[in-house]
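# Remarks on the overall topology
In case you want the letters, here they are:
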Amino acid sequence: MTDPITTPADYTLTLREEFRHHLETFYAQLKLAPPYESVEKAIRSLTTSVHALPPNERERLATDAAARWQHFRQAFEASGLSKKHRGIIAGLARNRSSLNLPSEYDQFLSLYS
């Protein structure tokens, strides 16, 4: 019997929640309303991409933050989030130090340059 905390479905849920938290943080720090429909599309995109991974790659996401952020970025871009608020975010990203976001969020910000 597998531990219910480490089942692929539960881990996918954990990733979805982490991604949603990062999206909420991103837009809150930018003082922008998140484009909710695109946020939901991004979360569905992340879910699809994680489900398509072989089990060993899904396990790697649990311990490899860089790999997780790569998937977050892909979902962010695939959902069209990088096209929303484009001009505003591109302007804010030019003064990166004033954004008060951890460096991991550069995965999203770099899509606006």
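As a reminder, the structure under discussion sits directly above these lines.
Model, not experiment: these values are computed from the prediction.

The rules we used
Residues numbered from 1 in each chain as written. Predicted model: local features only at pLDDT ≥ 70, side-chain atom pairs only at ≥ 80, totals over all residues. Heavy atoms only, no water. Phe/Tyr/Trp six-rings, centres within 6.5 Å; stacked < 30°, edge-to-face > 60°. Helix = DSSP H or I, 4+ residues; strand = E, 2+ residues; numbered from the N terminus. Buried < 20%, exposed > 50% of the residue type's maximum accessible area, 1.4 Å probe, protein only. Axes fitted to C-alpha atoms, helices over the stretch in contact; angles between N-to-C directions. Parallel < 35°, antiparallel > 145°, perpendicular 65-115°, else oblique. Left-handed = near helix turned anticlockwise from the far one by under 90°. Contact = heavy atoms within 4.5 Å. Nonpolar A, V, L, I, M, F, W, Y, C, P; charged D, E, K, R; others polar.

### A look at the packing of aromatic side chains
Applying the stated criterion to the full structure yields 12 aromatic pairs. On the basis of an interplanar angle of 5 degrees and a centroid distance of 6.5 Å, the ring pair of F26 and Y105 is categorised as stacked. Of the two residues, F26 is situated in helix α1 (residues 8-30) and Y105 in the loop between α5 (86-93) and α6 (106-109); the sequence distance between them amounts to 79 residues. Accessibility expressed as a relative area gives 0% for F26, which makes it buried. Its relative accessible area of 4% is what places Y105 among the buried residues. When the centroid spacing of 5.4 Å and the interplanar angle of 85 degrees are considered together, the rings of F26 and F108 count as edge-to-face. Taken together, the residues span a long stretch of sequence, with F26 in helix α1 and F108 in helix α6 at a distance of 82 residues. Following the ring pairs from residue to residue traces out a cluster consisting of F19, F26, Y27, W69, F72, F76, Y105, F108 and Y112.

### Section: the packing of helix α2 (residues 36-51) against helix α4 (residues 65-78)
Packed helix pairs are characterised by how far apart their axes lie and by the angle those axes make with each other. Two elements in contact, α2 and α4, have axes whose closest approach is 8 Å; the angle formed by their N-to-C orientations is 130 degrees. What the angle tells us is that α2 and α4 run oblique. Where α2 crosses over α4, the handedness of that crossing is right-handed. Contacts between α2 and α4 involve K41, A42, S45, L46 and S49 from the first element and H71, F72, A75 and A78 from the second. Along the lines of polarity and charge, the residues of the contact of α2 with α4 split into 5 nonpolar, 3 polar and 1 charged.

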